[in-house]
Amino acid sequence: TKATAASVADHIAARASEAQAADCKVLMAICRRVTGQPPRMWGPSIVGYGSYRYTYDSGRTGEMCIVGFAIRGRELVVYLAAESAQQQALLARLGKHRMGKSCLYLKRLADVDPGVLEQLVEGSVAEVQRRHG
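Below is a short write-up of the structure. Fair warning: this is a prediction, and the values are worked out from it, not measured in the lab.

### Notes on helix H2 (residues 18-35)
Okay, step 1: The terminal C-alpha atoms of H2 lie 26 Å apart, and with 18 residues this matches the ideal 26 Å at 1.5 Å per residue to within 8%.
Okay, step 2: Taken together, the buried residues of H2 touch helix H1 (8-15), strand E2 (46-49), strand E5 (67-72), strand E6 (75-79) and helix H4 (114-132).
Okay, step 3: A positive backbone phi angle near 70 degrees is found at Gly36, which sits one or two residues after H2.

What follows is the structure, given as structure tokens:
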């Protein structure tokens, strides 16, 4: 997945329901506040903020956004690191969600505590920066 010059606004307008578009605005404000970076499209579907370089054990390298989100059908997926005990405690207080390895699935932001969500994003950004500089 690579950063592109595609329009974030056009992407959201084309993919999001009215309720999702409102939730995307809130997510965008949180991500912008935490990273200090403007949104960019990463690949065809991820709205991402900032970037970092990584290297696998095999030596293969790549670049990815520090934090981002995508519209996946009826859900929003926030891409973040939530492995630490502190992040797990925040997830327990977040509200209605599902969590994969690095994917936080939300049906709507009204189901979660926005302050806790912002703390999760902050913790994730700090962890990515700690790991990758």
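Having put the structure on the table, let's press on.
### Some remarks on the environment of Arg74
Okay, step 1: Turning to its location among the elements, Arg74 is positioned in the loop between E5 and E6.
Okay, step 2: On the basis of relative accessible area, Arg74 is assigned to the exposed category, the value being 75%.
Okay, step 3: Taking the C-alpha atoms as reference points, Arg74 and Leu106, separated by 32 residues in sequence, lie 8.9 Å from one another.
Okay, step 4: Every residue in contact with Arg74, bar those within four places of it in the chain, is listed here: Gln20 and Lys107.

### Some words on the packing of helix H3 (residues 85-94) against H4
Okay, step 1: Orientation of H3 relative to H4, taken along the N-to-C sense of each, is 160 degrees, at an axis distance of 9 Å. When the axis of H3 is compared with that of H4, the two are roughly antiparallel. The crossing of H3 and H4 is left-handed. Every residue of H4 that contacts H3 at Gln87, Leu90, Leu91, Arg93 and Leu94 is listed here: Val116, Leu117, Gln119, Leu120, Gly123 and Ser124.
Okay, step 2: Residue composition of the contact of H3 with H4, grouped by class: 6 nonpolar, 4 polar and 1 charged.

How each quantity is defined
Residues numbered from 1 in each chain as written. Predicted model: local features only at pLDDT ≥ 70, side-chain atom pairs only at ≥ 80, totals over all residues. Heavy atoms only, no water. Helix = DSSP H or I, 4+ residues; strand = E, 2+ residues; numbered from the N terminus. Expected span 1.5 Å × (residues − 1). Contact = heavy atoms within 4.5 Å. Buried < 20%, exposed > 50% of the residue type's maximum accessible area, 1.4 Å probe, protein only. Axes fitted to C-alpha atoms, helices over the stretch in contact; angles between N-to-C directions. Parallel < 35°, antiparallel > 145°, perpendicular 65-115°, else oblique. Left-handed = near helix turned anticlockwise from the far one by under 90°. Nonpolar A, V, L, I, M, F, W, Y, C, P; charged D, E, K, R; others polar.

None of this, on its own, says anything about what the molecule does.
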